[in-house]
Amino acid sequence: LYDNNVISSKRKRGRTLEIERKDSTSNVYSKDNCILSCYFCNNHKSDVISEEDYKKYFSKPMRDYLSKSYNICDKEKNFLYISDIDNLSKDLQSKYKTFYDNFTKLLNENNIEYALLQGTKDIWCRDYMPIQINPETFLTYNYEPDYLKAKKYQNIKSNFNDINHTLKLKKLIKTELILDGGSIVKSKNCAILTDKIFKENPLYSEFEIKEELRSKLNIEKVVIIPWDKKNEYFGHSDGMVRFIDENTVLINDYFKYYSTEFKEKVVTALTDNDLEYKELDFSDVPNRNDKLNWGYINYLQMKNIIILPEFGIDEDSKAKE
């Protein structure tokens, strides 16, 4: 919590446990009257709340608060894996050499640590890799999306078990839900998915799916936005929205490429869940390229760095702005 700037005490408190008197009406720091306490509980209990009342009324809310504070979001992640696909000898470094060289150069220049991920069959490793919840915990899931069920796609469907031996993840938890990494956009305390999640998990009710996600991701809110079946058959939300902070999301430009009705449904789903939004607006760009300009929102964010794609179209400078 201290390293992630959740604790920012000027007196540098928070890195270690502190000694707190159980009975604060007594000035005696005896063995029987003392207990180790975290920075938050020590300050919260102070010399006003008794040990019994603190346990009864405040311990669970404080635990919940600290648990949520421990969650991390994109800007707090500090290590990047790049798929080292070796499919019919067309791996990332040879087939897309220009991209790979430019991309790794950017990473090196900005001191972003990275490694090649062995055992993958598809370069889009965000879709099948586990979702990070906090610095130690990662969530795995059933990677059985309907768009890969055809026999011709089986050779590009990666299995996390084949990849996991190259990683050093401290704690893995699992959900039985069918989903993929591109279908979920997460902040510390909220996750946004399209309603395709319900189609791919027919054995669960909508309530059960939301509760499972809240529990396993350790979040407060699950927001469901409509799936654009006409233009995007994957059902991914990561091409539609991104979190700017806990209360604000960035949404793609839906003015022309999508119908007004569809945009209103997306916006309503967000505002009904107390989320504000800002829009990537390309309405004043002379020669819009709606086949490409949706892709800016798939930018990579780590630490204080944002790396976004450049397509050589009029929207490039506007997107960066």
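Residues numbered from 1 in each chain as written. Predicted model: local features only at pLDDT ≥ 70, side-chain atom pairs only at ≥ 80, totals over all residues. Heavy atoms only, no water.

**Quick notes on the packing of aromatic side chains**
Any two aromatic rings considered together are summarised by their centre-to-centre distance and by the angle between their planes. One pass over the full model with this rule turns up 11 aromatic pairs. Taking the centre distance of 6.5 Å and the plane angle of 65° together, the rings of Tyr57 and Phe58 count as edge-to-face. Residue classification places Phe58 among the partly exposed residues on the basis of a relative accessible area of 29%. Taken together, Tyr39, Phe40 and Tyr65 form an aromatic cluster joined through their ring pairs. (Phe/Tyr/Trp six-rings, centres within 6.5 Å; stacked < 30°, edge-to-face > 60°. Buried < 20%, exposed > 50% of the residue type's maximum accessible area, 1.4 Å probe, protein only.)

**Let's talk about the side chain of Ser158**
Among the secondary structure elements, Ser158 is positioned in the loop between strand E6 (137-142) and helix H5 (160-163). Taking relative accessible area as the criterion, Ser158 reaches 5% and is therefore assigned buried. For Ser158, the side chain forms a polar contact with the main-chain nitrogen of Lys121, separated by 2.8 Å. Beyond its immediate stretch of four places on either side in the chain, Ser158 contacts Thr120, Lys121, Asp122, Tyr128, Tyr143 and Ile163. (Helix = DSSP H or I, 4+ residues; strand = E, 2+ residues; numbered from the N terminus. Polar contact = N/O pair within 3.5 Å; in protein donor to acceptor, adjacent residues only side chain to side chain. Contact = heavy atoms within 4.5 Å.)

**Some remarks on the nonpolar core**
The biggest cluster of nonpolar side chains holds 26 residues, and the ones touching the most others in it are Met129, Ile131, Leu179, Leu193, Leu213 and Leu217. With 3 residues, the single largest contributor to this core is helix H7 (residues 206-217). Setting aside residues up to four positions removed in sequence, Leu213 forms contacts with Leu177, Leu179, Leu193, Asn218, Ile219 and Val222. Ile192, Val223, Ile225 and Val266 belong to the second-largest nonpolar core, a separate cluster that totals 17 residues. (Core = buried A, V, L, I, M, F, W, Y, C linked by side-chain atoms within 4.5 Å.)

**Structural notes on the pattern of salt bridges**
Under the defined criterion, the tally for this structure stands at 20 salt bridges. The shortest N-O distance in the salt bridge between Asp253 and Arg288 comes to 2.8 Å. In this pair, Asp253 is assigned in the loop between strand E12 (248-251) and helix H8 (260-271) and Arg288 in the loop between strand E13 (276-279) and strand E14 (300-302), connecting sequence segments 35 residues apart. We classify Asp253 as buried; its relative accessible area is 4%. Classification of Arg288 as buried rests on a relative accessible area of 18%. (Salt bridge = Lys/Arg side-chain N within 4 Å of Asp/Glu carboxyl O.)

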